[in-house]
Amino acid sequence: MSDGEPLSRQAASEAVGDLGWRYLLGTLRTAVPVVSLDRAAEAVRIAVGACGADADGHLVADVRPGQAVLALQSVRAAAVTGRDAELAHRITAALGAAGLRTEPGRGDTPRSVQLVEIAIDALDIPAVRPFWKAVLGYADEADADGPSDAVVDPLGQGPAVWFQQMDAPRPQRNRIHFDVCVPHDEADARIAAALAAGGRLVSEDRAPAFTVLADAEGNEVCVTTWQGRDG
């Protein structure tokens, strides 16, 4: 596959779904269940070896005693390309040969793989964006350095912050909310759990891309998936 053109969300999801990887916000992600930190580090070493020279430009890993979480994205494109899908296949095969598996993170792990974003509603995005970039120590995403673009953690540890354009003040609702991007096949269960825990449904007009929920005091969160976004 080519490393050049980004894949559509649907194509990226379909390319790796049966391998236990999921498409989330421009990345492919999977969890590797392990029994120790040493085994998690070994899983990452295997993944790096499977990627070869492409590791530095595509692979990111988070290592914990119970699992290693792997993410693939073509850094130069800030998107998933055919090369990332190819690397996911290679990583899964290499891990399988070592008795390890890639999965979305359900089953014996605490939750599915996910990504969290913070959305800030603003009347004048160029006026507030520099503040959030500075106070968080964040940076521009590759090829997305415009005055209204999101800002990201350069170390990839904190949630991205994006800015939602408002056309009038909205004092009756919170101006900052979370977006929780989950695997498309996990969204219904996550929404049901949130509703059972005292939440309420605010809007499902844009589901399954965005489902807006609120807590008992009206603070909102969007449970999001890649579905419903490709034109």
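Being a predicted model, the structure only gives us computed values, none of them experimental.

S.K.: Kindly report on the overall build of the protein chain, identifying the contributing residues and their values.
M.R.: In terms of regular secondary structure, the protein chain is built from 6 helices and 12 strands. Here the C-alpha radius of gyration of the protein chain, 18 Å, is about what a compact globule of 231 residues would show, namely 17 Å. With respect to the three principal axes, the spread of C-alpha positions in the protein chain is 55 × 40 × 35 Å. Each of the 231 residues in the protein chain was classed as buried or not, and the buried ones make up 44%.

S.K.: Lay out the sheet that holds strand E3 (residues 59–63) in plain terms, naming residues and giving numbers.
M.R.: Taking strand neighbours across the sheet as the criterion, the 4 strands line up as E1-E2-E4-E3 in an open arrangement whose pairing is antiparallel. A single partner strand is all that each edge strand has here, and the edge strands are strand E1 (22–24) and E3. Ignoring strand direction, the axes of neighbouring strands in this sheet form an average angle of 30°. In the sheet, E1 pairs with strand E2 (residues 27–33) via 3 bridges, with the strands oriented antiparallel. For Tyr23, the partnering residue across the bridge sits in E2 and is Leu28. The strands touched by helix H2 (residues 37–51) within the sheet are E2, E3 and strand E4 (67–72), with E3 carrying the most contacts at an inclination of about 175°. Docked against the sheet, helix H4 (residues 82–97) engages E2, E3 and E4, running at close to 155° with respect to E4.

S.K.: Hey, could you go over the side chain of Asp153 for me, with residue numbers and the actual values?
M.R.: Inspection of the secondary structure assignment puts Asp153 in the loop between strand E7 (151–152) and strand E8 (160–165). Salt bridges are absent for the buried Asp153, whose nearest opposite-charge side chain, Arg29, sits at 11 Å. Of note is the side chain of Asp153, whose polar atom sits 2.9 Å from the backbone nitrogen of Leu155. With sequence-adjacent residues up to four places away left out, Asp153 is seen in contact with Tyr138 and Gly158.

S.K.: Which residues make up the side chain of Arg190, and what values do they have?
M.R.: Checked against the element boundaries, Arg190 lands in helix H6 (residues 187–196). One buried charge, Arg190, has no salt-bridge partner; the nearest side chain with opposite charge is Glu186, at 4.2 Å. Among the polar contacts made by the side chain of Arg190, one reaches the side chain of Ser112 at a distance of 3.3 Å. Those residues in contact with Arg190, other than ones at most four positions away along the chain, are Arg111, Ser112, Gln114, Val180 and Val182.

S.K.: Break down H2 for me, citing the residues and quoting the values.
M.R.: Taking 1.5 Å of rise per residue, the 15 residues of H2 would be expected to cover 21 Å, and the 21 Å separating its terminal C-alpha atoms lies within 8% of that figure. Every buried residue of H2 is listed here: Ala40, Ala43, Val44, Ile46, Ala47, Ala50 and Cys51. Here the buried residues of H2 occupy an arc of 160° about the axis, which is enough to place them on one side. Facing away from the buried surface of H2 by more than 90 degrees, the exposed residues are Asp38, Arg45 and Gly49. Residues of H2 that are buried sit in contact with E2, helix H3 (55–58), E3, E4 and H4.

S.K.: A description of the pattern of salt bridges should follow, citing residues and the corresponding values.
M.R.: Applying the stated rule across the entire model yields 9 salt bridges. Put simply, Arg39 and Glu42 hold a salt bridge, and the shortest N to O gap is 2.8 Å. Placement of both Arg39 and Glu42 in helix H2 is noted, with a separation of 3 residues, approximately one turn of the helix. The partly exposed category is assigned to Arg39, whose relative accessible area is 22%. Using a relative accessible area of 25% as the deciding quantity, one classes Glu42 as partly exposed. The network of salt bridges with common partners includes Asp54, Arg83, Glu86 and Arg90.

About the cut-offs
Residues numbered from 1 in each chain as written. Predicted model: local features only at pLDDT ≥ 70, side-chain atom pairs only at ≥ 80, totals over all residues. Heavy atoms only, no water. Helix = DSSP H or I, 4+ residues; strand = E, 2+ residues; numbered from the N terminus. Rg over C-alpha atoms; globule rule 2.2 N^0.38 Å. Buried < 20%, exposed > 50% of the residue type's maximum accessible area, 1.4 Å probe, protein only. Pairing = 2+ DSSP bridges. Axes fitted to C-alpha atoms, helices over the stretch in contact; angles between N-to-C directions. Contact = heavy atoms within 4.5 Å. Lys, Arg positive; Asp, Glu negative; His and termini not counted. Salt bridge = Lys/Arg side-chain N within 4 Å of Asp/Glu carboxyl O. Polar contact = N/O pair within 3.5 Å; in protein donor to acceptor, adjacent residues only side chain to side chain. Expected span 1.5 Å × (residues − 1). Arc of directions from axis to C-beta.

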